[in-house]
Amino acid sequence: MSAPPTADAADAMPPLLDTLAKLTSQRDIGQFLTSALHEAILATNCHAGSLLFVSDQPRTVREGDLSSEIERQISIWEEGLEERLRTTSWLIGEGETLPVSTHAVEATADLLVNTPLLHDEKVTGSLTLVFEAGRPLSLTQRQAVTSCAKAIGNLGKMVEQLTIAEDSLKQLSFLHETSQALTSTLDLREVLDNTMELATKILNAQASTLMLIDEDTGELVFDIPHGEKRELLRSYRMAMDQGIAGWVATHGTPAIVNDVAGDKRFHTETDARTGFLTQSVVCVPLQIKERTIGVLEALNKTSNEGFNDDDLRLLSTLAAQAVSAIENARLYRSLREERDKIIRIQEEARRELARDMHDTTLQSLSSIAMRLDYVKRLLEHQPEDAVEELDRLREMVVEALRQGRILLFELRPIVLETQGLVGALNTYVDQLQRDGPPVFHLDHGGFNGRLSDETEATAFIILQEAINNSRKHAGPQNIWLNLTQHEGYLQIAVEDDGCGFDLEATQKTADQAGHLGLVSMQERADLIEADLNIKSELDRGTTIVLRVPLTGPTAQSSPA
């Protein structure tokens, strides 16, 4: 057995303090406490010990061979101190001597020495050292033990604060990286995939997942999984009433579960599908203006402590940034879709104009040019017949002018701006009626109000398309236009008694078969937030109903 320490232990204190100070470079409180206990055991020439450091989470480290009786006594001291510090602060003023407790172990004759750790004047834990049998604890030994306790208490607190500061710096750095990633591109999948990778790293988790709610089905969709088995989870769906994630999405409340096996909300099917073993979860809702659109979760904390409130705060901050990125990306995608839709509509309008000009005005002008050549020859050889031919040419010119006016009217009728939709329809029907069949029947239902300029122009184009489609393809004898004002919306119906068509088959092949008129009508209706309904049966005619809201951006003024 080693002899109890003498004055040499006190002489060893300055080197010990230097050694402990160097340990602070580890910047990890757990590693520091382990190393500090080891150095205290060496400096005091004892053979075992235990160190309790009480902070937000109590930490205990032990070293050496500890019998069950020794462990029991150490536990009594440490649990008693934990309980005391949990309810109140224990202060030891400057100049006061640190209390030292001793306990002789009968079975081994070892001597246990316990004293509190001290940071400034506040007790932050305890140091227990196990000396071999020998003389009672001397004053020099007592001073050596208390010096160790003071040094470890002060340096431990400093390392803890440094650890917290470094963790905060890492989190700030992470949030900065995340913010840069979220604003560097509007590619939603790329942004969120990078973000999930960062979240997994900063939370020390094995995996993380962003799930979005499918509003059509009410399911949670694993949109951006990261970590093991990610490809097996991508696009996997889960009911909203299943799992911890489902509970968070349903209640809009975050959750920390560090033992999922003991939580009745945990759903095992996902693990069974992937072979991934979930042990702990921290999950937060993704919310836009108090509306939950999904959840963000991290799985399996790699350290033994499990997820804590700091992890929850960090994930909540990340969720708020992710929500902004999702909303921005959705708005951007929506704008691009609207832009593409407008471009398609414009291109279709140009093609339609080109076809109409070719089939009407240009054909007429071509015929007129040929007839002029014929008149020129008549003037040379049969001048008496030229007058009659000039009369025919005049009729052709008048008809070409009429066709040209119709085209100009269809492009942008001035009457639409001055008299509104009803006035424009009256004028348009009058022009078409001169061409003969079909017969037009217009009933404006007493509606003489105005919509916004954009809405009236778009609605007129939709009705033009419906009428032209009927005239060109259905061969009707009659076309009815009926306007009916309801509460909140204006209904405009275009009905014919033509041959009709197979609506379902036509809609399926609209793009490939060139039926772009139906597509552009629907896209234009979407632009003014109107509903478009088409009904058609073979040999039973076609009915197209446009419902335009009278409130919101489509409305303009009260009836004139």
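Residues numbered from 1 in each chain as written. Predicted model: local features only at pLDDT ≥ 70, side-chain atom pairs only at ≥ 80, totals over all residues. Heavy atoms only, no water.

## What to know about the overall build of the protein chain
Counting its regular elements, the protein chain contains 17 helices and 18 strands. Looking at the protein chain as a whole, 44% of its 560 residues qualify as buried. Relative to all contacts within the protein chain whose residues are 6 or more apart in sequence, the contacts with residues 24 or more apart total 61%. Total accessible area on the protein chain is roughly 29600 Å²; 50% of this is exposed by carbon and sulfur atoms. (Helix = DSSP H or I, 4+ residues; strand = E, 2+ residues; numbered from the N terminus. Buried < 20%, exposed > 50% of the residue type's maximum accessible area, 1.4 Å probe, protein only. Contact = heavy atoms within 4.5 Å. Areas by Shrake-Rupley, 256 points an atom, 1.4 Å probe, with all protein chains shown as cover.)

## Re the packing of aromatic side chains
For the structure shown, the criterion picks out 1 aromatic pair. With centroids separated by 5.6 Å and ring planes inclined at 65 degrees, the aromatic side chains of Y428 and F460 adopt a geometry described as edge-to-face. Taken together, the residues span a long stretch of sequence, with Y428 in helix α13 (residues 414–433) and F460 in helix α14 (residues 453–474) at a distance of 32 residues. There is no split in this pair, since Y428 and F460 are both buried. Seen from the ring of W90, R84 lies directly overhead, with NZ or CZ sitting 3.9 Å from the centre. In this structure, R265 packs its charged tip against the face of W247, placed 4.6 Å from the ring centre. (Phe/Tyr/Trp six-rings, centres within 6.5 Å; stacked < 30°, edge-to-face > 60°. Lys NZ or Arg CZ within 6 Å of the ring centre and 35° of its normal.)

## What to know about the environment of D531
Mapped onto the secondary structure, D531 falls in strand β16 (residues 531–537). Among the residues examined, D531 registers a relative accessible area of 51% and is labelled exposed. It is 9.4 Å that separates the C-alpha atoms of D531 and Q491, two residues lying 40 residues apart in sequence. Among residues more than four places away in sequence, those in contact with D531 are V545, L546 and R547.

## A closer look at the sheet that holds strand β15 (residues 489–496)
One open sheet holds the 5 strands; their spatial order is β12-β14-β15-β17-β16, and the pairing between them is mixed. The open sheet terminates on both sides in strands that have one partner only, identified here as β12 (439–443) and β16. Between one strand and the next, the sheet's axes are offset by a mean angle of 10 degrees, whatever the strand orientation. For β15 and strand β17 (residues 541–549), the ladder comprises 8 bridges, and the chain directions are antiparallel. Within the sheet, the bridge partner assigned to V494 lies in β17 and is I544. Sheet strands in contact with α13 are β12, β14 (478–486) and β15, and its direction is about 165 degrees off that of β12. The strands touched by α14 within the sheet are β12, β14, β15, β16 and β17, with β15 carrying the most contacts at an inclination of about 15 degrees. (Pairing = 2+ DSSP bridges. Axes fitted to C-alpha atoms, helices over the stretch in contact; angles between N-to-C directions.)

## Here's the deal with the pattern of salt bridges
Across all of its chains, the model carries 14 salt bridges by this definition. In this structure, the salt-bridge partner of R86 is E82, at a minimum N-O distance of 3.6 Å. Pair noted here: R86 and E82 are both in helix α4 (residues 68–87), with a separation of 4 residues, about one helical turn. R313 serves as the salt-bridge partner of D310, at 2.1 Å between the closest nitrogen and oxygen. One end of the pair, D310, and the other, R313, are both in helix α10 (residues 309–359), 3 residues apart, so they sit about a helical turn from each other. Overall, D310 belongs to the partly exposed group, its relative accessible area being 40%. Here the residues in one salt-bridge network are R371, E388, E389 and R392, joined through shared partners. (Salt bridge = Lys/Arg side-chain N within 4 Å of Asp/Glu carboxyl O.)

## Quick look at the side chain of H119
Summarising the element assignment, H119 is placed in strand β4 (residues 111–119). A distance of 3.2 Å separates a polar atom in the side chain of H119 from a polar atom in the side chain of N154. Those residues within four positions of H119 in sequence are excluded, and the remaining contacts are T124, G153, N154 and K157. (Polar contact = N/O pair within 3.5 Å; in protein donor to acceptor, adjacent residues only side chain to side chain.)

## Here we look at the packing of α13 against α14
Two elements in contact, α13 and α14, have axes whose closest approach is 11 Å; the angle formed by their N-to-C orientations is 10 degrees. When the axes of α13 and α14 are compared, the pair comes out roughly parallel. Judged by residue contacts, L416, G420, L421, A424, L425, Y428 and L432 of α13 engage E456, A457, A459, F460, L463, Q464, I467, N468 and R471 from α14. Of the residues assigned to the contact of α13 with α14, the class counts are 11 nonpolar, 3 polar and 2 charged. (Parallel < 35°, antiparallel > 145°, perpendicular 65-115°, else oblique. Nonpolar A, V, L, I, M, F, W, Y, C, P; charged D, E, K, R; others polar.)

## Remarks on helix α3 (residues 29–44)
Taking 1.5 Å as the rise per residue, α3 with 16 residues should run 22 Å; its terminal C-alpha atoms sit 22 Å apart, in good agreement. Taken together, the buried positions of α3 are occupied by I29, F32, L33, A36, L37, A40, I41, A43 and T44. Looking straight down α3, one finds its buried side chains confined to an arc of 165 degrees; they lie on one side. Backbone geometry just after α3 places N45 at a positive phi near 60 degrees. (Expected span 1.5 Å × (residues − 1). Arc of directions from axis to C-beta.)

## Some words on the confidence of the model for the protein chain
Averaged over every residue, the pLDDT of the protein chain is 82; the share at 70 or more is 87%. In this model residues 1–10 is a low-confidence stretch, pLDDT under 50, and it forms 19 contacts with partners more than four residues away in sequence or in other chains. (pLDDT = per-residue confidence, 0-100.)

## Comments concerning a nonpolar patch on the surface
Together, M357, L362 and L365 make up an exposed nonpolar region whose accessible area comes to about 250 Å². Examined against the element boundaries, L362 turns out to sit in helix α11 (residues 361–381). (Patch = residues over 30% accessible without salt bridge, like charges linked within 9 Å, V, L, I, M, F, W, Y side chains within 5 Å.)

## Here we look at the sheet that holds strand β3 (residues 101–104)
Strand pairing in a sheet relies on backbone hydrogen bonds, with the paired strands running either antiparallel or parallel. Spatially, 5 strands are ordered β2-β1-β5-β4-β3 in an open sheet, and the strand pairing comes out antiparallel. Edge positions in the open sheet fall to β2 (59–63) and β3, since each of these has one partner strand only. When the angles between neighbouring strand axes are averaged without regard to direction, this sheet yields 15 degrees. Bridging between strand β1 (residues 48–53) and β2 involves 5 bridges; their strand directions are antiparallel. Following the sheet pairing, L52 is matched in β2 by T60.

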